[in-house]
Amino acid sequence: LDPLLKALQAKPSVAKPAPPAKPSKPSKPPQIDLRSFTLSHATFLKIQNHAGGQRALLELTNVNLSLTNLQNGQTARLQLEAALRIANNPPAAAGGSLEAGIKGEFQFSLTPDLKAGTVTGNTHLDVSSASGVFNNFSNFSAALDCDATPAEIRRLDLDFHKAGESLGGLAMSGPLDLEKMEGQ
């Protein structure tokens, strides 16, 4: 043990700090060139098993997603469609089920340095059946429409309908600064 202690005492206890690194030039942004990505007829499933054999199910089926022309400085297109099914069967409360369709399409651009550019598009959710705790969502639909740039939200509307009658909505527009993550 004595030779180890002597060796440790012989070494300087404080190491000299390394000289500060020179600031480097910002690196070039990654280059993305994804011409086409397609996901067809996919299924996503979440099952929660409860005590007593009850279970809750959240399922997205027939998921179709298409992304085209995702490139630096270009406008890309995203299309999506899916069927949603929820079956809620908690052990000690009322259950229910809901089925809906989701469909949307967006066009968005990226700047050459991969920052968000413009986005326009819409998506819709239409409930085809609902029962139990979800019964109030029978014939319910929601629609999101957007048109925005990095400097302005021209239109961002979220509308809710039931059996064709308007239930309400949310509408936004105004200046936007994505660099500061601020809007008015």
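Please read these numbers as outputs of a predicted model, since none were measured by experiment.

Caption draft 1: Region of the structure containing the sheet that holds strand β8 (residues 165-177). If you trace the 9 strands from one edge of the open sheet to the other, you get β1-β2-β3-β4-β5-β6-β7-β8-β9, paired in antiparallel fashion. The open sheet has two free edges, formed respectively by β1 (33-49) and β9 (182-183), since each of these has just one partner strand. For strand β3 (residues 75-88) and strand β4 (residues 96-110), the ladder comprises 14 bridges, and the chain directions are antiparallel. By the bridge assignment for β4, A76 is matched with F108.

Caption draft 2: Structural detail: the pairing of strand β5 (residues 116-132). Where β4 meets β5, 14 bridges bridge the pair, whose relative direction is antiparallel. If you follow G96 over to β5, its bridge partner there is G132. In the sheet, β5 pairs with strand β6 (residues 140-148) via 8 bridges, with the strands oriented antiparallel. The residue bridging T120 from the neighbouring strand is D147, located in β6.

Caption draft 3: Expanded view of the environment of Q79. Inspection of the secondary structure assignment puts Q79 in strand β3. Residue Q79 is classed as partly exposed on the basis of its relative accessible area of 31%. Not counting chain neighbours up to four residues away, the residues in contact with Q79 comprise N64, L65, S66, G104 and E105.

Caption draft 4: Focus on the pairing of β3. Pairing geometry for strand β2 (residues 55-71) and β3, over 10 bridges, is antiparallel. In the strand pairing of β3, L67 is matched with L78. Counted along the chain from β2 to the antiparallel partner β3, the turn is 3 residues long, and its residue G73 has a positive phi close to 70°.

Here is what the cut-offs are and how they apply
- Residues numbered from 1 in each chain as written.
- Predicted model: local features only at pLDDT ≥ 70, side-chain atom pairs only at ≥ 80, totals over all residues.
- Heavy atoms only, no water.
- Pairing = 2+ DSSP bridges.
- Helix = DSSP H or I, 4+ residues; strand = E, 2+ residues; numbered from the N terminus.
- Buried < 20%, exposed > 50% of the residue type's maximum accessible area, 1.4 Å probe, protein only.
- Contact = heavy atoms within 4.5 Å.

Coordinates in, geometry out; function isn't part of it.
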